[in-house]
Amino acid sequence: MKYFLFILMVLCPAVIINAQTTQWSLDKSHSSVKFAVSHLVISETEGKFKVFDGTLQSAGDNDFSDAKVDFTVEVGSIDTDNTMRDEHLKGEDFFDAAKYPTMYFKSTSFKKTGNNQYALSGDLTIKDVTKPVTFDVQYGGTVKDPWGNIKAGFKASATIRRFDYNLRWNSLTEAGSMVVGDEVRITLPIEFQKK
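Keep in mind it's a predicted model, so treat the numbers as computed, not measured. Residues take numbers from 1 onward in each chain, read along the sequence in its written order. Per-residue local features of the predicted model are confined to residues with pLDDT of at least 70, and side-chain atom pairs are confined, for both listing and counting, to 80 or more; whole-chain, interface and lining totals are unaffected and use all residues. Think of the side-chain values as coming from all heavy atoms in the structure, minus any hydrogens and water.

A. Examining the overall build of the protein more closely. Helix and strand assignments follow DSSP, with helices taken as H or I runs no shorter than four residues and strands as E runs no shorter than two, numbered in order from the N terminus. Looking only at helices and strands, the protein features two helices and 11 strands. Going residue by residue from the N terminus, the α and β elements of the protein occur as α-β-β-β-β-β-β-α-β-β-β-β-β. For the protein, with 195 residues in total, the buried portion stands at 39%. The long-range fraction of contacts in the protein, counting pairs at least 24 apart against all pairs at least 6 apart in sequence, stands at 57%. Put simply, the protein shows about 11600 Å² of open surface, and 55% of that area lies on carbon and sulfur atoms. Burial status follows relative accessibility: with a 1.4 Å probe on protein chains alone, a residue under 20% of its type maximum counts as buried, one over 50% as exposed, and anything between as partly exposed. The contact definition used throughout considers only heavy atoms, calling two residues in contact when any of these lie within 4.5 Å. Accessible areas in this description were obtained via Shrake-Rupley with a 1.4 Å probe; residue shielding takes into account the shown protein chains only.

This is the structure:
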């Protein structure tokens, strides 16, 4: 009997912790994965990835401190509104999608930095390189939609250097500037639905 009570005491906190965890799935129809990079120094080229997925675990419905985020992006779904450019980006000069079909992000921390502001840090894997990155996150709020689903909205943004991830293709203009910039701005307007 004492052994049973001991086991119960050990397991109860784990049960309570699991009961307090809120699981969220990505609402893909109200989310997007966008990027922008400089072109010829004078302008920007924008693009997006059409196939992606993500999950979020939080302690509640309105406070996302210490939440856990996992996100995947299928590289072959890249779309810049230019078929020739998209094929080049999928090739060995850039993403090498045949060999590395998926990008991964796994959070290491989600900290509140202000009113509806968070810093989401984690490991981003592109090709065979994993590096830490921190996203600035604007929390838009949590609401119940007309069908009774609980939704939470966010907008995350970060800038990475593509050379850090072995996306090293480069060509120079006559003036010696890069045709495609090194810094890539990532923007993620996303919506999660409570399971």
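B. Layout of the nonpolar core. The biggest cluster of nonpolar side chains holds 44 residues, and the ones touching the most others in it are Phe64, Phe95, Phe110, Phe135 and Phe154. With residues up to four places along the chain from it excluded, the contact list for Phe154 reads Leu56, Phe64, Phe110, Val137, Gln138, Tyr139, Gly140, Leu188, Pro189, Ile190 and Phe192. Here, nonpolar core refers to any group of buried Ala, Val, Leu, Ile, Met, Phe, Trp, Tyr and Cys residues whose side-chain atoms link them within 4.5 Å.

C. Structural view of the pattern of salt bridges. The salt bridge definition used is simple: a Lys or Arg side-chain nitrogen within 4 Å of an Asp or Glu carboxyl oxygen. Taken as a whole, this structure holds eight salt bridges when the rule is applied. A salt bridge links Asp145 to Lys151, with the nearest nitrogen and oxygen atoms 3.7 Å apart. You can call Asp145 buried: its relative accessible area is 15%. In this structure, the salt-bridge partner of Arg161 is Asp164, at a minimum N-O distance of 3.3 Å. Exposure remark for Arg161: the relative accessible area of 38% places this residue in the partly exposed category. Within the structure, one salt-bridge network assembled from shared partners comprises Asp27, Asp145, Lys151 and Glu191.

D. Representation of the packing of aromatic side chains within the structure. Between rings of Phe, Tyr and Trp, where Trp is taken as its six-membered ring, a pair exists when centres lie within 6.5 Å; planes separated by under 30 degrees are stacked, by over 60 edge-to-face, and by other angles tilted. Going through the model one piece at a time under the given rule, you end up with 12 aromatic pairs. When the ring of Tyr118 is compared with that of Tyr139, the centres are 6.4 Å apart and the planes differ by 80°; the resulting orientation is edge-to-face. Here Tyr118 is found in strand E8 (residues 117-126), whereas its partner Tyr139 is found in strand E9 (residues 129-144), with 21 residues between them in sequence. Here Tyr118 falls in the buried class, since its relative accessible area comes to 2%. Ring plane angle 35° and centroid distance 5.4 Å describe the contact between Tyr139 and Phe154, whose orientation is recorded as tilted. Of this pair, Tyr139 sits in strand E9 while Phe154 is found in strand E10 (residues 150-161), placing the two residues 15 residues apart along the sequence. Of the two residues, Tyr139 and Phe154, neither departs from the other in class, the shared state being buried. Ring-pair connections join several aromatic residues into one group, and the members of that group are Trp24, Phe64, Phe110, Tyr118, Tyr139, Phe154 and Phe192.

E. Structural view of the side chain of Thr102. The residue Thr102 is located in strand E7 (residues 102-114) in this model. In this structure Thr102 comes out as buried when scored by relative accessible area, which is 15%. Polar contact criterion, stated in full: a pair of N or O atoms within 3.5 Å, where within protein one must be able to donate a hydrogen and the other to accept it, and residues adjacent in sequence count only if both atoms are side-chain atoms. At 3.3 Å, the side chain of Thr102 and the side chain of Glu74 are in polar contact. Ignoring anything within four residues of it in the chain, the contact list for Thr102 reads Thr72, Val73, Glu74 and Val75.

F. How the structure looks around the pairing of strand E5 (residues 68-74). Residues Val69, Phe71 and Val73 line the buried face of E5, whereas the alternating positions Lys68, Asp70, Thr72 and Glu74 sit on a face that is not buried. Here six bridges tie strand E4 (residues 52-58) to E5, and the two strands are oriented antiparallel to one another. Each bridged residue has a counterpart across the sheet, and for Gln57 the counterpart in E5 is Lys68. Here five bridges tie E5 to E7, and the two strands are oriented antiparallel to one another. Counterpart to Val73 in the pairing with E7 is Met103. Whether two strands pair comes down to DSSP finding at least two bridges between them.

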